[in-house]
Amino acid sequence: MVAMASCYGKTLSPDDVKDKFHVPSNWVGTLFPNLEQDSELPIQVRDQAGSERQFVLKTRRGVYLKTVFQRRGWHKFVRDLDLREGETVYFWKEAVGGRDIMRVQVRDEPQFVQLFGVHLVMPNE
């Protein structure tokens, strides 16, 4: 078990599966702080099998910050896990060894517990 922040889940839309993953705006401040408009940021992610993956988070200007995981990286993840519309993807950060690690898990919601006031996550691995 490791310390965690908030966990965010999203049900996959047809666009998420076929093209790029549309990151909900309420995730940005917590999971992806300090984003700038019109930028691309490589995001290292560890999946439920412990494999390291890289997604590219792209922002674009507008009235609000629009963020997506670009097709490269994300689409390989979709194919590798045979993801389908209607399935749920969960993202969270873990504090491990003094650094934050981005985690992703699909289909099965991670199990969360609180111990001595600290939120902990026990991924289904």
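Residues numbered from 1 in each chain as written. Predicted model: local features only at pLDDT ≥ 70, side-chain atom pairs only at ≥ 80, totals over all residues. Heavy atoms only, no water.

The name an unreviewed UniProt entry gives the protein is TF-B3 domain-containing protein, with Morus notabilis as the organism. Under Subcellular location (unreviewed entry), UniProt gives the following word-for-word description of the protein: "Nucleus". (UniProt positions renumbered as here; feature names shortened; annotations may be inferred.)

Engineer: How would you explain the pattern of salt bridges if you had to name every residue and give the values?
Structural biologist: Taken as a whole and assessed by the stated rule, the structure comprises 8 salt bridges. Across the salt bridge formed by Arg84 and Asp82, the nearest N and O atoms sit 2.9 Å from each other. Relative accessible area serves as the criterion here: at 42%, Asp82 is assigned to the partly exposed category. Ionic contacts of the salt-bridge type, sharing partners, join the residues Asp47, Arg53, Lys76 and Asp80 into one network. (Salt bridge = Lys/Arg side-chain N within 4 Å of Asp/Glu carboxyl O. Buried < 20%, exposed > 50% of the residue type's maximum accessible area, 1.4 Å probe, protein only.)

Engineer: Go over the environment of Leu31 with me, naming the residues and quoting the values.
Structural biologist: Along the chain, Leu31 turns up in helix H2 (residues 28-31). C-alpha of Leu31 to C-alpha of Cys7: the two residues are 24 residues apart in sequence and 9.0 Å apart in space. Discounting chain neighbours no more than four positions away, the residues touching Leu31 are Tyr8, Phe91, Trp92, Lys93 and Met102. (Helix = DSSP H or I, 4+ residues; strand = E, 2+ residues; numbered from the N terminus. Contact = heavy atoms within 4.5 Å.)

Engineer: Tell me about unusual backbone geometry, residues and numbers included.
Structural biologist: Located in the positive-phi region is Asp82, a residue other than glycine, with phi close to 50°. If you trace the backbone, Asp82 turns up in the loop between helix H3 (71-80) and strand E6 (88-96).

Engineer: Provide a residue-level description of the side chain of Asp47, including the pertinent values.
Structural biologist: Summarising the element assignment, Asp47 is placed in the loop between strand E3 (40-46) and strand E4 (52-60). At 2.9 Å, the side chain of Asp47 and the backbone nitrogen of Ala49 are in polar contact. The contacts of Asp47, once residues within four sequence positions are left out, are Arg53, Phe77, Arg103 and Val104. (Polar contact = N/O pair within 3.5 Å; in protein donor to acceptor, adjacent residues only side chain to side chain.)

Engineer: Residues and numbers for the pairing of strand E7 (residues 99-106), please.
Structural biologist: Burial analysis of E7 places 6 of its 8 residues in the buried class, which makes it a mostly covered element. Relative to E7, E3 runs parallel, the two sharing 2 bridges. Bridge pairing in E7 links Val45 to Met102. Pairing of E6 with E7 involves 8 bridges; the strand directions are antiparallel. Paired with Ala95 across the two strands is Asp100, which belongs to E7. The turn joining E6 and E7, which pair antiparallel and follow one another in sequence, is formed by 2 residues; a positive phi near 60° is taken by Gly97. (Pairing = 2+ DSSP bridges.)

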